[in-house]
Amino acid sequence: MSLVDRASSFVVGPAVPNVPWQERPAGSSAPMWRDPRNPIIPRDLFPEANSIFNSAAVPFRGKFAGVFRCDSTTRLQQLHAGFSDDGVNWRLNPQRITWENAPSTDPSVTKFQYAYDPRVVWIEDRYYVTWCNGYHGPTIGVGYTYDFETFHQLENALLPYNRNGVLFPRKINGAYVMLSRPSDNGHTPFGDIFISQSPDMVHWGRHRWVMGRGASGWEGTKIGAGPIPIETKEGWLIIYHGVLTSCNGFVYSFGAALLDLYEPWKVIARAKPYLIAPREPYELAGDVPNVCFPCAAIVDSATNRLAVYYGCADTTTGLCYGYVDELVHWVKTNAHLPRG
């Protein structure tokens, strides 16, 4: 498909002409491909960082900003703000984000324990941040910022135990919508993706099951939502991670599915193969080996170019690329019926 054809509003969203990009390698037909400069963010971008991974980036004032998981050299899991001119070379604030309580937020629920695996999305008039928050176990923290300098924290969205809270980029049928993965208090050996709705980003309910683990071998143990869903004329494209239990432990890969635009708990198509699995040295070796964990996607609606940020071996951050229209076609071509 030509770039002229790609300019026909397949993706619903803004144009981001400076989206990070590398062309598909010559001779490759892969639906996604890695940036040869990976990992683009090393583990020690500032002296107090042990590792920088599972992080979120968004377009910001013609450039880029984000919220990054930076485990410290004390091994505390925490979030830092960062900025970039090109989406590849990043400057991170070495001081972790400190949250101001939003109005009506009870300070007893916002005491810092730990924070990790953030997602960031622009909705209406601000950037919302979700992350795995520590409140008597892992749950979904929610906050917002206007400038990536000052951050405001809301009430936790859901009860413990839950992970991978991912907001849709707009209201659907008048409600805010979030994907999540209910879990337990351990390093969960199970998990399916659910969806919840809210009228105000505080009260969450109308929970629906979306899809379960085990549809393919690479996602046999658990699955979880990844970057913010991408709205297309054929449905919501979601990129999600799946976990295989091997004789050497967990292996994290990521794949894709297509959800209904108006009832996003309904799966239109779900691809059997993975998109990206641990293969490169920086994905195979690190604090947690064999991990490719996607957390952010930047899309240029004018060209359908897609850049996905993903954590590599719980140590560094990588980039990979694809075309949204090609991915939707790939999902439908390689789909199987959803199963629980």
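Residues numbered from 1 in each chain as written. Predicted model: local features only at pLDDT ≥ 70, side-chain atom pairs only at ≥ 80, totals over all residues. Heavy atoms only, no water.

Asker: So what's going on with the packing of aromatic side chains? Which residues, and what values?
Answerer: Tallying each qualifying case throughout the model produces 24 aromatic pairs. With 4.9 Å between their ring centres and 65° between their planes, phenylalanine 68 and tryptophan 90 make a pair best called edge-to-face. Within this pair, whereas phenylalanine 68 is found in strand β3 (residues 63-72), its partner tryptophan 90 is found in strand β5 (residues 90-92), the two being separated by 22 residues in sequence. Taken individually, phenylalanine 68 and tryptophan 90 each receive the classification buried, so the pair is uniform in this respect. Centre to centre, the rings of tyrosine 114 and tyrosine 116 are 5.7 Å apart; their planes meet at 25°, and the pair counts as stacked. In this structure tyrosine 114 comes out as buried when scored by relative accessible area, which is 19%. Its relative accessible area of 11% is what places tyrosine 116 among the buried residues. Pairwise contacts between aromatic rings join Phe60, Phe83, Trp99, Trp122, Tyr127, Trp131, Phe148 and Phe151 into one cluster. (Phe/Tyr/Trp six-rings, centres within 6.5 Å; stacked < 30°, edge-to-face > 60°. Helix = DSSP H or I, 4+ residues; strand = E, 2+ residues; numbered from the N terminus. Buried < 20%, exposed > 50% of the residue type's maximum accessible area, 1.4 Å probe, protein only.)

Asker: How would you explain the sheet that holds strand β1 (residues 33-34) if you had to name every residue and give the values?
Answerer: Spatially, 4 strands are ordered β1-β22-β21-β20 in an open sheet, and the strand pairing comes out antiparallel. Sheet topology places β1 and β20 (292-300) at the edges, where each strand pairs with a single neighbour. Pairing geometry for strand β21 (residues 305-312) and strand β22 (residues 316-323), over 8 bridges, is antiparallel. Its bridge partner being in β22, tyrosine 309 is matched across the sheet by leucine 319. Across the face of the sheet, helix α3 (residues 324-333) comes into contact with β20, β21 and β22 while running at roughly 80° to β22. (Pairing = 2+ DSSP bridges. Contact = heavy atoms within 4.5 Å. Axes fitted to C-alpha atoms, helices over the stretch in contact; angles between N-to-C directions.)

Asker: Help me get a handle on the pattern of salt bridges, residues and values and all.
Answerer: Following the criterion strictly, the structure yields 18 salt bridges and no others. With a closest N to O distance of 2.5 Å, arginine 24 and glutamate 326 form a salt bridge. Note that arginine 24 is positioned in the loop between α1 (3-6) and β1 and glutamate 326 in helix α3, a separation of 302 residues in sequence. Taking relative accessible area as the criterion, arginine 24 reaches 23% and is therefore assigned partly exposed. Exposure remark for glutamate 326: the relative accessible area of 26% places this residue in the partly exposed category. Aspartate 287 is paired through a salt bridge with arginine 75; the nearest N and O atoms lie 3.1 Å apart. Pair noted here: aspartate 287 is in the loop between α2 (281-284) and β20 and arginine 75 is in the loop between β3 and β4 (79-84), with a separation of 212 residues, a long-range link. Residue classification places aspartate 287 among the partly exposed residues on the basis of a relative accessible area of 31%. Of the residues examined, arginine 75 reaches a relative accessible area of 47% and is grouped as partly exposed. A cluster of three or more residues bridged by salt bridges with shared partners is formed by Arg43, Arg75 and Asp287. (Salt bridge = Lys/Arg side-chain N within 4 Å of Asp/Glu carboxyl O.)

Asker: Quick rundown of unusual backbone geometry? Include the residues and the values.
Answerer: Backbone torsion omega between asparagine 38 and proline 39 reads -10°, so that peptide bond is classified as cis. Among the secondary structure elements, proline 39 is positioned in the loop between β1 and β2 (49-60). The omega angle of the peptide bond from proline 160 to tyrosine 161 is 10°, so this bond is cis rather than trans. With respect to the helices and strands, tyrosine 161 occurs in the loop between β10 (151-153) and β11 (162-167).

Asker: Break down the sheet that holds strand β14 (residues 205-211) for me, with residues and values.
Answerer: The 4 strands lie next to each other as β11-β12-β13-β14, forming an open sheet whose pairing is antiparallel. The open sheet has two edge strands with one neighbour each: β11 and β14. Within the sheet, the average angular offset between the axes of one strand and its neighbour, ignoring direction, is 30°.

Asker: Quick rundown of the pairing of β11? Include the residues and the values.
Answerer: Of all 6 residues in β11, 6 are buried, a share of seventy percent or more. Bridge count between β11 and strand β12 (residues 176-182): 4 bridges; the pairing is antiparallel. Looking at the pairing, asparagine 162 lines up with proline 182 of β12.

Asker: Describe the nonpolar core, naming the residues involved and giving the relevant values.
Answerer: Ile52, Val67, Trp90, Val120, Phe148, Phe151 and Tyr309 are the most contacted members of the largest nonpolar core, which has 39 residues in total. By residue number, the principal contributor to this core is β2, which donates 6 residues. With near-sequence residues (within four places) excluded, phenylalanine 151 lies in contact with Val67, Ala81, Ile97, Thr98, Trp99, Glu100, Val129, Tyr144 and Thr145. In this structure, Ala102, Tyr128, Ile140 and Ile193 belong to the second largest nonpolar core, which totals 36 residues. (Core = buried A, V, L, I, M, F, W, Y, C linked by side-chain atoms within 4.5 Å.)

No statement about biological role is implied by the geometric values presented.
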